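# Coordinate inspection notes
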Amino acid sequence: MTAGPSGPEENKGQPGLVSAALSGLCPRCGARTLFEGPAQLAETCSVCGLDILSLERGGRFVGILTMLLALVLILAALTTDEWLRPPLWATFLFWGPVTVGSVVFALRFWKTMWVYHQYEESQQP
Ligand SMILES: [Zn+2]
């Protein structure tokens, strides 16, 4: 895993990974069938029948990623609380959606990346 700066010259054959994650595009047919919930992968593509569930197998880091992200967000929330001392309702109003949104997006992105990677691997004998 590299967390370095992502320059504009980032061309690894996956140009639309972010949009694929956001729209949940199937790696084989490109239909919006990859997710059946906000961060829940579908078992199979309902258009081309791709076995998404078996591609996802092995994506065990997902839980760790979620926990790390939640931890960072909670720490950020606590720090903000120390500095600004906002009213409690404001804290929840702000950090609730931010936390849920970040976790859902991170999960989607991570799972999409994983499934696409696995799909490419499965294409090479
Ligand atoms: Zn498909």
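Everything here concerns the structure above.
Here's what I pulled together on the structure shown here. Residue numbers restart at each chain and count upward from 1, following the sequence in its written direction. Where local features are concerned, this predicted model is filtered to residues with pLDDT of at least 70; where side-chain atom pairs are given and counted, the filter is 80 or more; whole-chain, interface and lining totals use all residues. Excluding hydrogens and water, the side-chain figures rest on all heavy atoms present in the structure.

### Structural notes on the overall build of the chain
To keep things clear, this is the line we draw: The helix count covers DSSP runs of H or I at least four residues long, the strand count covers runs of E at least two residues long, and both are numbered beginning at the N terminus. Working definition: with a 1.4 Å probe on protein chains only, accessible area under 20% of the residue-type maximum means buried, over 50% means exposed, and in between means partly exposed. Any pair of residues with heavy atoms lying within 4.5 Å of one another is described as a contacting pair. The Shrake-Rupley method, run with a 1.4 Å probe sphere, supplies the accessible areas, and residue values consider only the shown protein chains as cover.
Summing up its helical and strand segments, the chain has four helices and zero strands in all. Mapped in sequence order, the helices and strands of the chain form the string α-α-α-α. Across the 125 residues in the chain, those meeting the buried criterion constitute 27%. Residue pairs in contact within the chain that sit at least 24 positions apart in sequence constitute 56% of those at least 6 positions apart. Accessible area of the chain: about 8600 Å², with a carbon and sulfur share of 64%.

### What about the packing of aromatic side chains?
Short version of the rule: Ring pairs shown here join Phe, Tyr and Trp side chains whose ring centres sit within 6.5 Å, with only the six-membered ring taken for Trp; geometry is labelled stacked below 30 degrees between planes, edge-to-face above 60, and tilted in between. We call a charge positioned above a ring when the Lys NZ or Arg CZ atom is no farther than 6 Å from the ring centre and deviates by at most 35 degrees from the ring normal.
Enumeration over the complete set of coordinates arrives at two aromatic pairs. Judged by centre distance (5.0 Å) and plane angle (80 degrees), the ring pair of Phe 94 and Trp 95 falls under edge-to-face. Given a relative accessible area of 46%, Phe 94 falls into the partly exposed group. For Trp 95, a relative accessible area of 14% translates into the label buried. Measuring from centroid to centroid gives 5.9 Å for Phe 105 and Phe 109, while their planes differ by 20 degrees, and the two rings are stacked. Of this pair, Phe 105 and Phe 109 are both found in helix α4 (residues 88-123), four residues apart, which corresponds to roughly one turn of the helix. A relative accessible area of 35% places Phe 105 in the partly exposed class. Overall, Phe 109 belongs to the partly exposed group, its relative accessible area being 23%. Just above the ring of Phe 35 sits the side chain of Arg 108; from NZ or CZ to the centre is 4.2 Å.

### Points about the coordination of the zinc ion
The line we're drawing: Counted as coordinating are nitrogen, oxygen and sulfur atoms within 2.8 Å of the metal, or 3.2 Å for Na, K and Ca, while water is not included, which may make sites look incomplete. By the criteria applied here, four donors are tetrahedral when all angles lie between 85 and 135 degrees, four are square planar and six octahedral when opposite donors are over 155 degrees apart and every other angle lies between 65 and 115, and any other arrangement is irregular.
Surrounding the zinc ion are the protein donor atoms Cys 26 (SG), Cys 29 (SG), Cys 45 (SG) and Cys 48 (SG), which sit 2.2 to 2.3 Å from the metal. Coordination at the zinc ion comes from four donor atoms whose angles at the metal span 107 to 113 degrees, giving a geometry best classed as tetrahedral. Positions of the donor residues of the zinc ion, expressed as sequence spacing, correspond to C-x2-C-x15-C-x2-C. Residue class for Cys 45 comes out buried when judged on its relative accessible area of 3%.

### Description of a nonpolar patch on the surface
As a reminder of what qualifies: Only residues whose relative accessible area exceeds 30% and that take part in no salt bridge are eligible for patches, with like-charged residues grouped when within 9 Å of each other and nonpolar side chains (Val, Leu, Ile, Met, Phe, Trp, Tyr) grouped when within 5 Å. The rule for a salt bridge is simple: a side-chain nitrogen of Lys or Arg has to be within 4 Å of a carboxyl oxygen of Asp or Glu.
A cluster of nonpolar side chains, contributed by Ile 64, Leu 68, Leu 71, Ile 74, Leu 75 and Leu 78, occupies part of the molecular surface with about 590 Å² of accessible area. Along the chain, the position of Ile 74 falls in helix α3 (residues 61-84). Look at Ile 74 and you get partly exposed, because its relative accessible area is 48%.

### Some thoughts on the environment of Gly 96
Residue position: Gly 96 is located in helix α4. For the pair formed by Gly 96 and Ala 77, sequence separation is 19 residues and the distance between their alpha carbons is 10.0 Å.

### Overview of the nonpolar core
Formally: By convention a nonpolar core is built from buried Ala, Val, Leu, Ile, Met, Phe, Trp, Tyr and Cys residues, the set being connected through side-chain atoms within 4.5 Å.
Membership of the largest hydrophobic core comes to 14 residues, with the highest contact counts inside it found for Leu 34, Leu 41, Leu 50, Ile 52 and Val 115. Counting residues per element, the ones that place at least two in this core are α1 (17-23), α2 (52-56) and α4.

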